[in-house]
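# Fold and contact review
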Amino acid sequence: MITAIKQALSFVFSKKKNCPQYEFIASSDQKVKSFAVTDPRYVTKEHGGDYTYPIAVAAKMRLGEAVVDWELRRQTADRGIDESYVSRSEKFWNAFPDFRNLPVFAYFSDSYPHVVSTKGTKVQGMLDSGNPLPQNVAYYKWDEERNCTDVWKQYYVMNWKNVRYDNEKGQPGYIEAVAQAVREFTKPVSQNEDNPEFEVETLVAEARGKDDVLVVVFRDGRKIPFDLLPQGYHRILSIVFDIAHRSYLLNQHCNPHGVVFIDEIELHLHPSLAQEVMTRLQNTFAHLQFVVSTHSPLVIADYRQDDEHLLYALTGNVSQPSFVSVENLYGMSYVSILQSVMETPERDSFLHNLAGAFRYWRQAGDERRAKQVAEKIGELVGTNSKFYRTLVSDENNR
Amino acid sequence: MKTIVKRQHAAAHALIDGFLSGNKERHGGAYAGDLYERLSADWTSRHTKTLRELKDILLDEQQGLCCYCMRDLSSLPDGEKTVEHVIVNHPDSEEEYKRYLGHGSQLDEADMISAAEFLDKQLPPPPYPHSVAYENLLISCNGRCHIGVNAAFTCNNKRVHTFVCPLPLMPDVEREMVYSSNGFVTWARETNTDPDRMATEVLGLNHDVLRMIRRLWCKMSNMGTDVDDRDHEAIILETLADLLTEGADDATLQLLFMFRGDSWYWTLLKQFHYFKDKF
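If you're wondering where the values come from, they're calculated on a predicted model, not measured in any experiment.

Parameters at a glance
Residues numbered from 1 in each chain as written. Chains lettered and ligands numbered in written order. Predicted model: local features only at pLDDT ≥ 70, side-chain atom pairs only at ≥ 80, totals over all residues. Heavy atoms only, no water. Contact = heavy atoms within 4.5 Å. Buried area = accessible area lost by both parts, 1.4 Å probe. Salt bridge = Lys/Arg side-chain N within 4 Å of Asp/Glu carboxyl O. Polar contact = N/O pair within 3.5 Å; in protein donor to acceptor, adjacent residues only side chain to side chain. Helix = DSSP H or I, 4+ residues; strand = E, 2+ residues; numbered from the N terminus. Pairing = 2+ DSSP bridges. pLDDT = per-residue confidence, 0-100. Patch = residues over 30% accessible without salt bridge, like charges linked within 9 Å, V, L, I, M, F, W, Y side chains within 5 Å. Areas by Shrake-Rupley, 256 points an atom, 1.4 Å probe, with all protein chains shown as cover. Axes fitted to C-alpha atoms, helices over the stretch in contact; angles between N-to-C directions. Parallel < 35°, antiparallel > 145°, perpendicular 65-115°, else oblique. Left-handed = near helix turned anticlockwise from the far one by under 90°. Nonpolar A, V, L, I, M, F, W, Y, C, P; charged D, E, K, R; others polar. Buried < 20%, exposed > 50% of the residue type's maximum accessible area, 1.4 Å probe, protein only. Arc of directions from axis to C-beta.

Contacts between the two partners involve 11 residues from chain A and, on the opposite side, 13 residues from chain B. Contact between chain A and chain B buries roughly 1200 Å² in total, counting both sides, with carbon and sulfur atoms accounting for 63%. Between the two partners, chain A and chain B, sit two salt bridges. Note that R369 of chain A and E238 of chain B form a salt bridge whose closest N and O atoms lie 3.0 Å from each other. At the surface where chain A touches chain B, the tally comes to four residue pairs in polar contact (both at pLDDT 80 or more). If you list the elements that add at least two residues to the side of chain A that touches chain B, you get α11 (350-363) and α12 (367-381) of chain A. With six residues, the top contributor of residues to the side of chain A that touches chain B is α11 of chain A.

The next subject is the pairing of strand β2 (residues 66-74) of chain A. Alignment of strand β1 (residues 55-63) of chain A against β2 of chain A, held across nine bridges, turns out to be antiparallel. Within β2 of chain A, the position partnered with A59 of chain A by the bridge is W70 of chain A.

Let's shift gears to the confidence of the model for chain A. Residue-level pLDDT values for chain A average 88, and 95% of them are 70 or greater. Ranking the elements of chain A by mean pLDDT puts helix α10 (residues 334-340) of chain A last with 69 and helix α6 (residues 172-186) of chain A first with 97.

A cluster of nonpolar side chains, M1, L310, Y312, L314 and F323 of chain A, forms an exposed patch at the surface whose accessible area comes to about 570 Å². Mapped onto the fold, L310 of chain A is located in the loop between α9 (297-301) and β9 (312-316).

Turning our attention to the packing of α12 of chain A against helix α13 (residues 386-393) of chain A. Residues and elements named next belong to chain A. At a closest axis distance of 9 Å, the pairing of α12 and α13 adopts a crossing angle of 160°. The angle between the axes of α12 and α13 places the two elements in the roughly antiparallel class. Remark: the crossing between α12 and α13 carries left-handed chirality. Packed against α12, whose contacting residues are A374, I377, G378 and V381, the element α13 presents F387, Y388, L391 and V392 at the interface. Of the residues belonging to the contact of α12 with α13, the class tally is seven nonpolar, one polar and no charged.

Our focus in this paragraph is the side chain of S238 of chain A. All names here are of chain A. Following the sequence through the fold, S238 ends up in helix α7 (residues 231-251). Judged by its relative accessible area of 1%, S238 is buried. Dropping the residues within four chain positions of it, S238 is found in contact with Y112, P113, T149, F226 and Y233.

Turning next to helix α3 (residues 84-94) of chain A. Residue and element names in this part refer to chain A. Every buried residue of α3 is accounted for by Y85, V86, S89, F92 and W93. Buried residues in α3, looked at end-on, bunch into an arc of 115°, giving them a common side. Each element contacted by the buried residues of α3 is listed here: α2 (22-26), β1, β2 and β3 (104-108).

All names here are of chain B. Relative to the helices and strands, F279 is located in the segment after α12 (264-270). Since its relative accessible area comes to 28%, F279 is described here as partly exposed. Along the primary structure F279 and N222 are separated by 57 residues, whereas in three dimensions their C-alpha atoms are 8.1 Å apart. The residues contacting F279, other than those within four sequence positions of it, are Y179, S180, S181, R214, W217, C218 and S221.

Next up on the list: the sheet that holds strand β8 (residues 288-292) of chain A. Residues and elements named next belong to chain A. Read across the open sheet, the three strands follow the order β3-β7-β8; overall the sheet is parallel. The sheet is open, and its two borders are formed by β3 and β8, each paired with just one other strand. Neighbour to neighbour, the strand axes of the sheet diverge by 10° on average, direction disregarded. In terms of strand pairing, β3 meets strand β7 (residues 258-262) through five bridges, oriented parallel. Bridge pairing in β7 places Y107 opposite F261.

Our focus in this paragraph is the pattern of salt bridges. All names here are of chain A. Enumeration over the complete set of coordinates arrives at 40 salt bridges over all chains. The salt bridge involving D143 is made with K33; its shortest N-O contact spans 2.5 Å. Placement of the pair is D143 in the loop between α4 (121-129) and α5 (149-164) and K33 in the loop between α2 and β1, with a sequence separation of 110 residues. Given a relative accessible area of 26%, K33 falls into the partly exposed group.

This brings us to the packing of helix α1 (residues 9-26) of chain B against helix α3 (residues 50-61) of chain B. All names here are of chain B. It is the contact of α1 with α3, at a shortest axis distance of 10 Å, that shows an interaxial angle of 165°. If you check the angle between α1 and α3, you find them roughly antiparallel. Note on packing geometry: the crossing formed by α1 with α3 is left-handed. Packed against α1, whose contacting residues are A11, A12, L15, I16 and F19, the element α3 presents T50, E53, L54 and I57 at the interface. A class-by-class count of the residues in the contact of α1 with α3 yields seven nonpolar, one polar and one charged.

With an omega of -5°, the peptide bond running from Y112 of chain A to P113 of chain A counts as cis. A cis amide bond, omega -5°, links P125 of chain B with the succeeding residue P126 of chain B. Relative to the helices and strands, P126 of chain B resides in the loop between α5 (115-121) and β3 (128-129). One non-glycine residue, N101 of chain A, lies in the positive phi region at around 55°. In this fold, N101 of chain A is placed in the loop between α3 and β3.

Given below as structure tokens:
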């Protein structure tokens, strides 16, 4: 699904000449993506090794008041992608006449940030010059599995030193904006001040050995090199750091709009942080749209659904995935979420045992005892829960 | 619980006599040291541990059952069978020692004095020093009744040094210990109202697991099912219905489910076959 959305979004990087964005895009590393052999619809060699044509990915985007819908389509194997997207791409760029207030695109895979991408010589050259990075570097490798946090780290360290030593190339506004985003993200979100040790004071550059490294200064005084942070902190702060950079490069501030994809957002996080991570992201980047996947009931347990906050469960199999809307889970216990939404078998659990007893009495025709067990289950998971309703209404249990 | 009748004085005394004379010999003609500790390290002329032989005698007269909770210890490794001092090994004083007397138990007739007095007088037995006296020693389980939990919840290791009436040595204890169908046990002659001092509580005999085990035995007895029946699901579910009617808490219900299938807990339950005919 994420592959499909990323591919669809690549339509904005159309390099058609004479288009308004031509210069902007042509000097970036981005382009429109065709259908990759990693697409699940691609058949293996012994079955012909190609797609069943025509093949397409279609998407729809809200841009302020306007709606843009487009499609990347290949009719046959010997033709490229239909150019219908080009006009839509123009429509997209027309919404940003002066290339100002551009949307951030970012994607963080489940292997992020463990696998580091190599920097191209072009980007390394830009960094080495000491000059501000061009605006379109904000889309540098935005959709890759590997991380390019290294670019941002190097850029931050360089600028931090330039500001510190009054070098004219230093950008104090940039340093402050990025540090502020990290500060905002790490400050306690709840009245009960959970995770106080997570709160960051600032980010600095420090000489460690031969190199200057990025160091996180926590509010409680601890100083830890960014790359030596515990994995949970490392991943989530890398994400914030990356979004802040892309945003600043585009718009000279860190409060962007746009869309960010995070695969398995709970990875390595302490349960109490996993529970808060969505709130923290929304508090820090209020105008960003987050598309997030998770395997953790903690992430979704305190998630209140409304028009702007949606929750879907991925069902079906790999070749025919489908999405079903999930009812509001707010206030449900983790255990019930695991069982009713994440379809984790209730095996060996208390509820499973009770459900087994319920079925036993029902099948034995002892309604009084079945009811007694059902009441207990209702007390535990709520009589409105899917778990309860499915169990009690299932005619197979009769 | 059941009265343990001390009948094997001859064999047991022979062991203790051998140990005590050896102790005296090794300490220049005087009894010395923590006698029970020395007994634990003593070997007979047959090259077996004295304590091991004594334990065999004790277990035999208890028919292999723990003196307090009635768990069958015969299939368990030696380390899970502990030696219980009815009168604690180290009473604080002679008064503390005497608290155990006068309850109509076999201790009253035993030819025994406190270990402190014995070491003081330095006279050969009888009377025997209580810390190694056959009349004062029983076999108890190690009090572990949760899988993977390295803590004693019942019996000797739960009691440690707390005073408790010499119940297994009292003649009517079998009648006086009343086991209810919900698994609770009460002692009819209990005079303490403070739960910390009640015999059944000091010994942890109303621990959740023991209660559940006795409840299940009672249920089996009512249902006429045998513990070795291949599938005991019906017993569990009937008991669940009882517990729900009683308004039992979730922890109790979850404990019940631990007895499903061929679990560790069901194996433990089988070791309490004493309760088969108790209800």
